Amino acid sequence: MASIFDIAKDTVLFLLLSCYYILESLFWTLVPNAIRPLKSVKGDVVLVTGGGGGVGRHLAMKLARLGANVVVWDINEDALQKTCSNIKDEGYEVASYIVDLADRASVYATAEKVKKEVGKVDVLINNAGTVFGETLLELSDNAIETTYKVNILSHYWTVKSFLPDMIRTGKGHIVTVGSVAGLLGTYRCTDYSATKFATVGFHESLFTELRAHGHNTIHATLVCPYYINTGMFDGVTPRLMPMLEPDYVAETMIDSIRKNEVNCIMPGSVRYLLPLKW
């Protein structure tokens, strides 16, 4: 009888919470962004991986304009310097580090340098990614391993580096940049799609762990954009809709972070197509 009572209680609780969160989602979807409360990132240390170009560069510049203490990581020294120059030309400070995200030791060592030289990271944006765009039989073993190391394994190392301080201070935000290709398998992306599916699972499990342990003031946002016009997808001609521009993606991501949203899918219309997959 006790077991039946527990099952009934959990079922009722599940249904009530489902109704609540569906109504909450509908409410915030209908409320214009102009009147939604947005948290400030002024004075926060925000770390952006893959900040040397594309969406990462736009994120770094926009966050600096909002008063954040921006830290950018990238493996490309020239690209990193260009991002820093653009930010400094506008009169803002920025800290940069050359990091090979495929190298776990390099990630851990650089994370320690950031904590010593800049301070505790308040917002971690795991934005870096790589793609080779070849069919399975064309992909080299090294390409597959590199894609996994950069696109998903590095998330483990960065979060393990910075999450303990967020828990200690009761303040933090982890942003996982996945992809619509992590929700729908895509042609010539057996490596990329698989790693982006993994980021979705990683992020949802991490979010659950944080809530289960009562860390409700540490926020987590999963970002899944459609193809982005950054050069990563040169040669791709999407049939469904045009590629997204990096400036739009960065702006939407920052809005989502400041609203403490749990999920951010771009464009929003993709959300309504996902159920058709099943």
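The preceding data block contains the structure.
Residues numbered from 1 in each chain as written. Predicted model: local features only at pLDDT ≥ 70, side-chain atom pairs only at ≥ 80, totals over all residues. Heavy atoms only, no water.

**Some thoughts on the pattern of salt bridges**
- All told, the structure shown has nine salt bridges when counted by the stated rule.
- Among the salt bridges present, the one from Asp 247 reaches Lys 62, with a minimum N-O distance of 3.0 Å. One end of the pair, Asp 247, is in helix α7 (residues 246-258); the other, Lys 62, is in helix α2 (residues 54-65), and 185 residues separate them in sequence.
- Linking Glu 251 and Lys 62 is a salt bridge whose minimum nitrogen-to-oxygen distance equals 3.0 Å. Of this pair, Glu 251 sits in helix α7 while Lys 62 sits in helix α2; the two residues are 189 residues apart in sequence, bridging distant segments of the chain.
- Overall, the relative accessible area of 36% leaves Glu 251 in the partly exposed class.
- Salt bridges sharing partners connect three or more residues here, namely Arg 36, Lys 259 and Glu 261. (Salt bridge = Lys/Arg side-chain N within 4 Å of Asp/Glu carboxyl O. Helix = DSSP H or I, 4+ residues; strand = E, 2+ residues; numbered from the N terminus. Buried < 20%, exposed > 50% of the residue type's maximum accessible area, 1.4 Å probe, protein only.)

**Thoughts on the nonpolar core**
- Ranked by size, the top nonpolar core spans 41 residues in total, and within it Leu 59, Leu 63, Val 70, Val 72, Ile 125 and Met 253 carry the most contacts.
- Looking at which element gives the most residues to this core, the answer is α2, with six residues.
- If we ignore the near neighbours within four places in the chain, the residues touching Val 72 are Val 48, Gly 51, Ala 60, Leu 80, Thr 83, Cys 84, Val 94, Ala 95, Ser 96 and Tyr 97.
- In this structure, Val 71, Trp 73, Phe 162 and Leu 206 belong to the second largest nonpolar core, which totals 25 residues. (Core = buried A, V, L, I, M, F, W, Y, C linked by side-chain atoms within 4.5 Å. Contact = heavy atoms within 4.5 Å.)

**Points about a nonpolar patch on the surface**
- Together, Leu 13, Leu 17, Tyr 20 and Tyr 21 give the surface a local cluster of nonpolar side chains, amounting to about 420 Å² of exposed area.
- Note on placement: Tyr 21 falls in helix α1 (residues 2-30). (Patch = residues over 30% accessible without salt bridge, like charges linked within 9 Å, V, L, I, M, F, W, Y side chains within 5 Å. Areas by Shrake-Rupley, 256 points an atom, 1.4 Å probe, with all protein chains shown as cover.)

**Looking at the packing of α2 against helix α3 (residues 77-89)**
- At a minimum axis distance of 10 Å, the contact between α2 and α3 shows a crossing angle of 25°. Put simply, α2 runs roughly parallel to α3. α3 is crossed by α2, and the crossing has right-handed handedness. Of the residues in α3, those touching α2 at Arg 57, Ala 60, Met 61 and Ala 64 are Ala 79, Lys 82, Thr 83, Asn 86 and Ile 87. (Axes fitted to C-alpha atoms, helices over the stretch in contact; angles between N-to-C directions. Parallel < 35°, antiparallel > 145°, perpendicular 65-115°, else oblique. Left-handed = near helix turned anticlockwise from the far one by under 90°.)

**Some points on helix α6 (residues 192-212)**
- An ideal rise of 1.5 Å per residue puts 30 Å on 21 residues; α6 measures up with 30 Å between its terminal C-alpha atoms.
- Of all the residues in α6, the buried ones are Tyr 192, Ser 193, Thr 195, Lys 196, Thr 199, Val 200, Phe 202, His 203, Leu 206 and Leu 210.
- Contacts from the buried residues of α6 go to α5 (141-169), β5 (172-177) and β6 (218-225).
- Where α6 ends, the next residue or the one after it, Gly 214, has phi of about 80°, a positive value. (Expected span 1.5 Å × (residues − 1).)

**Observations regarding unusual backbone geometry**
- The step from Met 266 to Pro 267 runs through a cis peptide bond, and the omega angle for that step is -10°.
- The residue Pro 267 is located in the loop between β7 (263-266) and α8 (270-273) in this model.
- Notably, Arg 188 is not glycine yet its phi reads approximately 60°, a positive angle.
- Note on placement: Arg 188 falls in the loop between β5 and α6.
- On the basis of relative accessibility, which here comes to 38%, the residue Arg 188 falls in the partly exposed class.

**Quick look at α7**
- The terminal C-alpha atoms of α7, which comprises 13 residues, lie 18 Å apart, in line with the 18 Å expected from a rise of 1.5 Å per residue.
- Residues of α7 that are buried: Pro 246, Val 249, Ala 250, Met 253, Ile 254, Ser 256, Ile 257 and Arg 258.
- Buried residues along α7 sit against α2, β4 (123-126), β5, β6 and β7.
- Where α7 terminates, the next one or two residues include Asn 260, which has phi positive at roughly 55°.

**Let's talk about the sheet that holds strand β2 (residues 69-74)**
- The parallel open sheet is built from seven strands, whose spatial order is β3-β2-β1-β4-β5-β6-β7. Two strands in the sheet have a free side with no partner beyond their single neighbour: β3 (94-98) and β7. Direction aside, neighbouring strands of the sheet carry axes that sit 15° apart on average.
- Together, β2 and β3 form the strand contacts of α3, whose direction differs from that of β3 by roughly 180°. (Pairing = 2+ DSSP bridges.)

**Considerations on the packing of aromatic side chains**
- Within the structure shown, the criterion is met by seven aromatic pairs.
- Their ring planes at 70° and their centres at 5.0 Å tell us that Phe 27 and Trp 28 sit as a pair that is edge-to-face.
- Between Tyr 226 and Tyr 227, the ring centres sit 5.2 Å apart and the planes meet at 65°, which makes this aromatic pair edge-to-face. The pair formed by Tyr 226 and Tyr 227 is uniform in burial state, with each residue classed as buried.
- Three or more aromatic residues joined by ring pairs form one cluster here, namely Tyr 108, Tyr 156, Trp 157 and Phe 202.
- When the ring centre of Trp 157 is taken as origin, the NZ or CZ atom of Arg 104, which lies over that ring, is 5.4 Å away. (Phe/Tyr/Trp six-rings, centres within 6.5 Å; stacked < 30°, edge-to-face > 60°. Lys NZ or Arg CZ within 6 Å of the ring centre and 35° of its normal.)

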